[in-house]
Amino acid sequence: MSVEDTVLHIADVHKSFGGLHALSDIDLSVQKGTTHAIIGPNGAGKSTLLNVCIGRLIPDRGAVVFDGKELTGKSPHEINQAGVARVFQTPEIFTDLTVMDNVIVPILSKKDGSYKFNPMQNLAHRKDARDQAMELIEDVGLHPDDHAGSLSRGDKRRLELAMCLSQHPKLLLLDEPTAGMSRHDTNSTIELLKKIKERGMTKVVIEHDMHVVFSLADKISVLAEGKIIAEGTPEEVKANPVVQEAYLGG
Amino acid sequence: MKQPKINRRDVLKGGAALGLAGAAPMFFTRNAYAASYLNDPGNAATVTLGFNVPQTGAYADEGADELRAYELAVQHINGEGDGGMLNTMQPSALKGNGILGKKVEYVTGDTQTKSDAARASAKRMIEKDGAVMITGGSSSGVAIAVQGLCQEAGVIFMAGLTHSNDTTGKDKRRNGFRHFFNGYMSGQALGPVLEKAYGKERNAYHLTADYTWGWTQEASIKASTENIGWKTNNTVKTPVGAGDFSQYITPVLNSGADTLILNHYGKDMINSLTQAVQFGLRDKNVNGNDFVIVVPLYSRLMAQGAGENVKGIFGSTNWHWSLPDEGSQAFVKSFGQAYGFPPSQAAHTCYVQALLYADACERAGTFMPCEVVGALEGHKFDGMGNGPTEYRAEDHQCFKDVLVVKGKENPSSQFDVLEVVEVTPRAQVEYAPDNEFFAGGDLGPCNNGSA
Amino acid sequence: MNIMKSEIGMMVVFTIVILTMPLWLAPIGAGYPDLLQKFAIFGLFAIGYNILFGLTGYLSFGHAAFLGIGSYAAVWSFKLLTMNVLPAILFGVVCSGIFAFCIGYVSLRRSGIYFSILTLAFAQMSYNLAYSVLTPITNGETGLQLTINDPRILDAAVTSATGLPSTTLFGLSMSGYSGFYFCAVVLIIGFFIALRISRSPFGLVLKGIKSNQTRMKYTGFNTRPYMITAFVISGMYAGLAGSLMAVTDPLAGAERMQWTASGEVVLMTILGGAGTLVGPVLGAGLIKYFENIFSAFNDKSLHELFSFLPEILENGVVAIIRPFVGEGWHLMLGLLFMLIIIFLPGGVMKGIDRIKTKFGSKSEKPAEQSE
Ligand SMILES: Nc1ncnc2c1ncn2[C@@H]1O[C@H](COP(=O)(O)OP(=O)(O)OP(=O)(O)O)[C@@H](O)[C@H]1O
Ligand SMILES: [Mg+2]
């Protein structure tokens, strides 16, 4: 693994809210094509780290470098257009729209860019977008005409996942993608994520469910109170006594 | 060009309208061919007039009184009631059987004292109700807007209470007529009276309603007071319907002015005058002069509203119910019997306008606007409460005597609030049609309208 | 099966309904040109407003400003250039578009209630400017009118028999029924464009912004230019409606820009059904119709209406109804609006949908929700 293979590099990022150091001097690299899991107790700063990556928060110090380009200071839509997509901890979907339209929106962003004025084009004739959306909706097991607002919590997560996948991001950030899902749904989500991995998409996954973490992750970083306390392959992390104490509960 | 004829343009119009309508039937083009003028009552037993008055807003009191007068006028024209001024009008072609044998019916609209709303309600009365004449209004802005509309549509407009010079000045129209006097006339009548009462050494501060009437009255009064040697300290515009004028009155206190001229009307005048008095303006003494207030356009309704505060204040008015002439007395009597109180000047001018229109149709033998215009232009009449009066052909303005009035010190009743100080003869207020205050307009040709 | 689903079917039905309005509105006393013109003009205004409010959810309280600007621009075109209506409309739409860009550029820095207040403030400013400060351009309270002596450089040779020239479309007078048909055709075109916008990728993005602006940002959309575009389009619709008002009646008054006029279009859109295509047109028609009917009642006509009742009852009924009609008809409007908001939050179109589903019509989905 050489430096050229680094897709995401978080360099000495520091973020505090008032007196609370949510992230202190985080240094983290994610290699191309790998699945990098971040684990840690509640309030450890995991979501904050992702927020810094996608431009929702600006770090007090340090930089986020993606694909060799600095992301810090860029606006969220520019970061997404650069190839970073995120599944949020609480699903961010279009509850007023159908499942189909929910997936078409990100496809349009990918195809048409951050702004395109095409008011006379008929969406029904955008076969390119529709076919692609249909395929993904089937992949995640949803129905295109359902109203997104009336989906179950687990289905909403899967819809959001489909929306992010539809953009073929170079880097996919997943914030607890299986929280609130049944065991069965969790397993099918794991299968889906594995399938994507075969296509070579780089992922950062935050998870509390160790079953998910150990079946997906190539590398794990353990975060506690804003600091990375351990890092390594699943086996290494499992064996690490500090981690056992701080997180895995011995 | 009074003879209507179907020309190429009309045919084109009809054809294109039909084309657009597609399958829609032809009924809407009926009028274009069957009638020679818009809303011709034809063989119908009735004819419809449209009364467009403010029923809401700063001039609603005047509007309500105007409507009462119109209802009375319709009764009298139709031969009901005691006949009112029908008995005193000279000459008169009215027979008390409606107009040209047709019973008069009417529709009403609310101008809201807004040009848009007034034009919309006038349009409704013309297009939907088939009104052949529109009359009313208590604001010059509205009067001018509706007069323009009537000119375009092709019906007669008999203006109600409108005092701006522009109505028969730069915005005059062939289809429109004004019986009421105007700002220039007020200035001409007030000048000498003010000079006699307050001398030549005065410093005047104007508060002016911010629209056509206020502007032209301010200009007229400014000119006539400067003519008697007064200085103009300042002129400040205030929005119509402001309610609170204290922010405009406070600066008057320290301006060095000794005279406040209120170019306000209706509720605005009641509010500004009341507040000026409350601020103690009338108790002040500036440059050795007692501070005085002048209200160039007075009305009894306003004086009543302002109560005590009007005592001793000079102004001018078109008509007052206490006038002793036969016509005034006949009108006051029938109005009083119907409603229990005397009519305002707004009611008077509207009543007279309705009668003058009816009489002109009778004399013309038709409702056709251009013929009615011909009958009214240069028409001389008497017995309508203002002495001998003439509808001047050049600008459709009535010329007659003007009343200078003063708030009464010892009113005998709640209506007896004004006393007539002087009747200024017509000759003193008359002006040439191209007078600088009235220049720039053009009556243009008359319009019979077509559907 | 569902004719309303296909674009062509919907346009055909809409066109027929609009063009035959003089026929089917005559029996209910609304078949005269001035009111018909208003239906078309305010329908257009509401359609445009709906592109902003219905699609993006941004509640503007200042759209009357663009209506007024459209009117002033059109009247100036009549005064300076020609009585032909096409340049006037073009001029009106362009001017209001420019204003909408400026106002939108600033107002869209905020969202929610702050956006609404900013637009309200701008509209009120425009009103005050038009009412007094800019009197040389707007003629203040009296309103901007044509005069015989206007230059009209493009048609100097033509003189009119009525003194004041009337607005024309290449010789066809734009008053009365021809004026209505002209407005109706513009309305149909405006409706078609709105239909296309709502079914375009651009429209879907606007709906996405309404539904979840956060998601839109992290999905790679630059939402601000989209919002500005939607704002400008709806401002141009308002300007178009305003210039049509001047076409059918060549006068522009400041009261057209008052906040009450801005509020009216909000009511129209919500009453008919925000986000639906036909709803705003329906809402505009309903409000203009009720305004016309209820405001024309006076004591006399009420007593005539209830004269079949015994005297005491008649007086009682009239006394109860009187405050809600005539000059007080806004009370009636307020009441109507409250009822709709409480019982039919989606507006009249929602109500129609409910009735449809209730009576077993198998049209699976609402005919033309914003889907
Ligand atoms: N915008 C913010 N303003 C203030 N404090 C914040 C903000 N965002 C996060 N925090 C705080 O920072 C700390 C880290 O929060 P974060 O959401 O990153 O935790 P997490 O590791 O994702 O926890 P969880 O597992 O519960 O999702 C928490 O104490 C949280 O309260
Ligand atoms: Mg979290």
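Conventions we followed
- Residues numbered from 1 in each chain as written.
- Chains lettered and ligands numbered in written order.
- Predicted model: local features only at pLDDT ≥ 70, side-chain atom pairs only at ≥ 80, totals over all residues.
- Heavy atoms only, no water.
- 1 Å grid on protein atoms, 1.4 Å probe; cavity = no way out; pocket = protein on both sides within 12 Å on 5 of 7 lines; lining within 4 Å.
- Points joined across faces, edges and corners; volume = space filled by probe spheres on them.
- Helix = DSSP H or I, 4+ residues; strand = E, 2+ residues; numbered from the N terminus.
- Nonpolar A, V, L, I, M, F, W, Y, C, P; charged D, E, K, R; others polar.
- Salt bridge = Lys/Arg side-chain N within 4 Å of Asp/Glu carboxyl O.
- Buried < 20%, exposed > 50% of the residue type's maximum accessible area, 1.4 Å probe, protein only.
- Axes fitted to C-alpha atoms, helices over the stretch in contact; angles between N-to-C directions.
- Parallel < 35°, antiparallel > 145°, perpendicular 65-115°, else oblique.
- Contact = heavy atoms within 4.5 Å.
- Expected span 1.5 Å × (residues − 1).
- pLDDT = per-residue confidence, 0-100.
- Pairing = 2+ DSSP bridges.
- Core = buried A, V, L, I, M, F, W, Y, C linked by side-chain atoms within 4.5 Å.
- Near = heavy atom within 4 Å.
- Polar contact = N/O pair within 3.5 Å; in protein donor to acceptor, adjacent residues only side chain to side chain.
- Areas by Shrake-Rupley, 256 points an atom, 1.4 Å probe, with all protein chains shown as cover.

**Topic: empty space enclosed by the protein**
Per the counting criterion, the structure on display carries 10 cavities of 30 Å³ or more. As for the largest cavity, its lining consists of Ile47(C), Asn50(C), Ile51(C), Leu55(C), Ala194(C), Ser198(C), Gly275(C), Thr276(C) and Leu277(C). Elements with a minimum of two residues in the lining of the largest cavity: α3 (33-56) and α8 (176-198) of chain C. It is α3(C) that contributes the most residues to the lining of the largest cavity, four residues altogether. Here the residues of the lining of the largest cavity are counted per class, giving five nonpolar, four polar and no charged. What the second largest cavity holds in volume is close to 50 Å³. Lining the second largest cavity, in full, are Val52(A), Cys53(A), Gly55(A), Leu57(A), Ile58(A), Pro59(A), Leu71(A), Thr72(A), Gly73(A), Lys74(A) and Ile79(A). Grouping the amino acids of the lining of the second largest cavity by side-chain chemistry returns seven nonpolar, three polar and one charged.

**Details of the pattern of salt bridges**
All names here are of chain B. On inspection of all chains with the given rule, the structure shows 38 salt bridges over all chains. The residue Asp82 makes a salt bridge to Lys333 at a minimum N-O spacing of 3.9 Å. Within this pair, whereas Asp82 is found in the loop between α3 (60-77) and β2 (103-110), its partner Lys333 is found in helix α11 (residues 326-339), the two being separated by 251 residues in sequence. Looking at Asp82, the relative accessible area reads 31%, which means it is partly exposed. Residue Lys200 pairs with Glu195 through a salt bridge whose shortest N-O separation is 2.6 Å.

**Points about the packing of α3(C) against helix α9 (residues 201-211) of chain C**
All names here are of chain C. Packing of α3 against α9 leaves a shortest axis separation of 7 Å and a crossing angle of 50°. With respect to their mutual orientation, α3 and α9 come out oblique. Residues Ile51, Phe53, Gly54, Leu55 and Thr56 of α3 touch α9, and the partners they reach there are Leu206, Lys207, Ile209 and Lys210. In terms of residue class, the contact of α3 with α9 is built from five nonpolar, two polar and two charged.

**Description of helix α17 (residues 347-358) of chain C**
Residues and elements named next belong to chain C. Taking 1.5 Å of rise per residue, 12 residues should cover 16 Å, and α17 covers 17 Å from first to last C-alpha, within 8% of that figure. Along α17, the residues that are buried comprise Gly347, Val348, Met349, Gly351 and Asp353. Looking at the packing, one finds that the buried side of α17 touches α12 (259-272), α13 (279-296) and α16 (329-343).

**Points about the confidence of the model for chain B**
Residue and element names in this part refer to chain B. Of all residues in chain B, 92% attain a pLDDT of 70 or more, and the chain-wide mean is 88. Note on residues 1-35: pLDDT under 50 across the span, and 36 contacts to partners over four residues away in sequence or across chains. Scored by ipTM, the complex comes to 0.92, with pTM at 0.83.

**Considerations on the sheet that holds strand β2 (residues 20-31) of chain A**
Within a sheet, each strand pairs with its neighbour through backbone hydrogen bonds, oriented either parallel or antiparallel. Residue and element names in this part refer to chain A. The antiparallel open sheet is built from four strands, whose spatial order is β2-β1-β4-β5. If you trace the sheet from one side to the other, it starts and ends with β2 and β5 (69-70), each paired once. Summarising the sheet, strand β1 (residues 6-17) and β2 pair through eight bridges and their orientation is antiparallel. When the bridges of β2 are listed, Ile10 appears paired with Leu28. Packing against the sheet, helix α1 (residues 46-53) makes contact with β1, β2 and β4 (61-66), and its axis sits at approximately 115° to β1.

**Brief notes about the nonpolar core**
In this structure, Leu159(A) and Phe78(C) are the most contacted members of the largest nonpolar core, which totals 151 residues. Core analysis: the second largest hydrophobic core is formed by 116 residues, Phe51(B), Tyr198(B), Met269(B) and Met384(B) among them.

**Points about the site of ligand 1**
Residue and element names in this part refer to chain A. Not every one of the 13 residues close to ligand 1 is listed here, only the nearest: Gly43, Lys46, Ser47, Thr48 and Gln89. Contact between ligand 1 and Ala44: an oxygen atom at 3.2 Å from a main-chain N or O atom of the residue. A distance of 2.9 Å separates an oxygen atom of ligand 1 from a polar backbone atom of Gly45. Burial of ligand 1 by the protein amounts to 63% of the accessible area it has alone, namely 630 Å².

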